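The lines below spell out each chain.
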Amino acid sequence: MNHRQIELLSKQGKIVTQMAEDLLSRAVDDRIASIQDYAELFAASVGTVQSAVNYLQAEQIVGLVSRGRLGAFIEKMDYPALWSLAKNRLMVGIQPLPYSRQLAGLATALRA
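Calculation criteria
Residues numbered from 1 in each chain as written. Predicted model: local features only at pLDDT ≥ 70, side-chain atom pairs only at ≥ 80, totals over all residues. Heavy atoms only, no water. Pairing = 2+ DSSP bridges. Helix = DSSP H or I, 4+ residues; strand = E, 2+ residues; numbered from the N terminus. Core = buried A, V, L, I, M, F, W, Y, C linked by side-chain atoms within 4.5 Å. Buried < 20%, exposed > 50% of the residue type's maximum accessible area, 1.4 Å probe, protein only. Contact = heavy atoms within 4.5 Å. Axes fitted to C-alpha atoms, helices over the stretch in contact; angles between N-to-C directions. Parallel < 35°, antiparallel > 145°, perpendicular 65-115°, else oblique. Nonpolar A, V, L, I, M, F, W, Y, C, P; charged D, E, K, R; others polar. Left-handed = near helix turned anticlockwise from the far one by under 90°.

## Considering the pairing of strand β1 (residues 62-66)
Residues in a regular strand project their side chains so that they alternate between the two faces of the sheet. Both β1 and strand β2 (residues 72-77) contribute to a ladder of five bridges, which runs antiparallel. Bridged to V62 within β2 is M77. The turn joining β1 and β2, which pair antiparallel and follow one another in sequence, is formed by five residues; a positive phi near 60° is taken by G68.

## Describing the nonpolar core
By size, the foremost hydrophobic cluster in this structure holds 24 residues, and its most contacted members are I15, M19, L23, Y38, V49, L56 and L82. Every element with two or more residues in this core is listed here: α2 (11-24), α3 (35-42), α4 (46-58), β2 and α5 (79-87). If we ignore the near neighbours within four places in the chain, the residues touching L82 are A20, L23, L24, I61, V62 and M77.

## What to know about the packing of α3 against α4
Following both chains from N to C, one finds α3 and α4 inclined at 110°, their axes separated by 9 Å at the closest point. In terms of their interaxial angle, α3 and α4 are classed as roughly perpendicular. The segment α3 lies against α4, with I35, Q36, Y38 and A39 engaging V46, V49, Q50 and V53. Counted by class, the contact of α3 with α4 contains six nonpolar, two polar and no charged residues.

## Some words on the packing of α2 against α4
At a minimum axis distance of 9 Å, the contact between α2 and α4 shows a crossing angle of 65°. On the basis of the axis angle, α2 is roughly perpendicular to α4. Our pair here, α2 against α4, has a crossing hand that is right-handed. The segment α2 lies against α4, with K11, Q12, I15, V16, M19 and L23 engaging T48, V49, S51, A52, V53, Y55 and L56. Of the residues that constitute the contact of α2 with α4, the class distribution is nine nonpolar, three polar and one charged.

Rendered as structure tokens:
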């Protein structure tokens, strides 16, 4: 197990994975729920949720910006890292045999 996997075994780690799964459905400039809302959603304490948010920001997986009373908004996201945290598995897809340069290029890009 690597360092990140060991950290994710704690209660905070479970909240990190749940938050990562929630953030995967969002885009940059979207407003996120409040810490209190996440605490209720995940049945965790506010402190644990805040620690999870701090972890995601410290690892530069997610960048949040506060806009006062409007709440917190997503400034940047590292989708591959979020996927790794949330799903912890590879993504597998299929494609027909490439019959054009465009599909051959897509297959090469996806493989990379």
